[in-house]
Amino acid sequence: MTRSWSGSGNPATHADLPRLELTERIIFETLRLYPQGWFLTRTVTHDTHLGGHPLPAGTSLAYSPYLIHHRPDLYTDPESFDPDRWDPKRPQPPRHAFIPFATGARKCIGDTFAMAEATLALATITARWRLKHLPGHHQTRPVPGASIGPGELRMQPTLR
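Residues numbered from 1 in each chain as written. Predicted model: local features only at pLDDT ≥ 70, side-chain atom pairs only at ≥ 80, totals over all residues. Heavy atoms only, no water.

1. Notes on the side chain of Arg32
Tracing the chain through its elements places Arg32 in helix H1 (residues 21–33). Among the polar contacts made by the side chain of Arg32, one reaches the main-chain carbonyl oxygen of Pro78 at a distance of 2.9 Å. In contact with Arg32, other than residues within four places in its own chain, are His69, His70, Tyr75, Pro78, Ser80, Arg85, Trp86 and Phe98. (Helix = DSSP H or I, 4+ residues; strand = E, 2+ residues; numbered from the N terminus. Polar contact = N/O pair within 3.5 Å; in protein donor to acceptor, adjacent residues only side chain to side chain. Contact = heavy atoms within 4.5 Å.)

Structure follows, in structure tokens:
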């Protein structure tokens, strides 16, 4: 993980964000595997077509960012955790294939803030602490509820 504050023990700040590229890719990949909203709905506002099917205004649609993010036609080896898939030097998925904050008029207005905060939090935590899975808690499975998460994830922090 890139530590732009030279291991000083100080928290990462907004000024550090441009140098936390790997940390940001880790957050992106985590959101791809476990998008917060796993099941969303929308209402068609005007007559349109989707996949060749007519949809009149007022039609309710349901979609799943989780299922979209796990499609093998959009992501190579979609079940594996690979932060380097977000390396700008590698081919990127289509624009609307990564939607952890939804999309369109209902996209979360806090997406940029959430990404910045998560990146700074992860950089600050991992600069100071080493996280180790507790015995028997290596495998996580997505658990749907109001949001989706990795299920029971127990770890032990130790100072670096």
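Still to come is the rest of the account.
2. Here's the deal with the packing of aromatic side chains
Under the defined criterion, the tally for this structure stands at five aromatic pairs. These aromatic residues form a ring-pair network of at least three members: Phe28, Tyr75, Trp86 and Phe98. Positioned over the ring face of Tyr75 is Arg32, at 5.1 Å from the centre of the ring. (Phe/Tyr/Trp six-rings, centres within 6.5 Å; stacked < 30°, edge-to-face > 60°. Lys NZ or Arg CZ within 6 Å of the ring centre and 35° of its normal.)

3. Here's the deal with unusual backbone geometry
Phi at Asp77 takes a positive value of approximately 45°, unusual for a residue other than glycine. Following the sequence through the fold, Asp77 ends up in the loop between helix H2 (65–69) and helix H3 (111–128). Backbone geometry at Ala102 places phi at a positive 70°, although glycine is not the residue there. Along the chain, the position of Ala102 falls in the loop between H2 and H3. Ala102 sits in the buried class, given a relative accessible area of 10%. (Buried < 20%, exposed > 50% of the residue type's maximum accessible area, 1.4 Å probe, protein only.)

4. Notes on H1
Helix length check: H1, at 13 residues, gives a terminal C-alpha distance of 19 Å against a target of 18 Å (1.5 Å per residue), a fit within 8%. Looking at H1, one finds that the buried residues are Thr23, Arg25, Ile26, Ile27, Glu29, Leu31, Arg32 and Leu33. On its buried face, H1 is in contact with H2 and H3. (Expected span 1.5 Å × (residues − 1).)

5. Re H3
Three- or four-residue spacings in an α-helix give side chains the same orientation, since the helix completes a turn every 3.6 residues. Taking 1.5 Å as the rise per residue, H3 with 18 residues should run 26 Å; its terminal C-alpha atoms sit 26 Å apart, in good agreement. Turning to H3, its buried residues number three or more, namely Asp111, Met115, Ala116, Thr119, Leu120, Ala123, Thr126 and Ala127. Looking down the long axis of H3, one finds its buried residues gathered within 165° of arc, a one-sided arrangement. Elements that come into contact with the buried residues of H3 comprise H1 and strand E5 (129–133). (Arc of directions from axis to C-beta.)

6. So, the confidence of the model for the protein
Low pLDDT means the predicted atomic positions in that stretch should not be read closely. Summary statistics for the protein give a mean pLDDT of 88 and a share of 92% for residues scoring 70 or more. Ranking the elements of the protein by mean pLDDT puts strand E7 (residues 148–149) last, at 74, and strand E3 (residues 53–55) first, at 97. Residue range residues 1–6 is modelled with pLDDT below 50. Its contacts to residues more than four positions away, or to other chains, number 19 contacts. (pLDDT = per-residue confidence, 0-100.)

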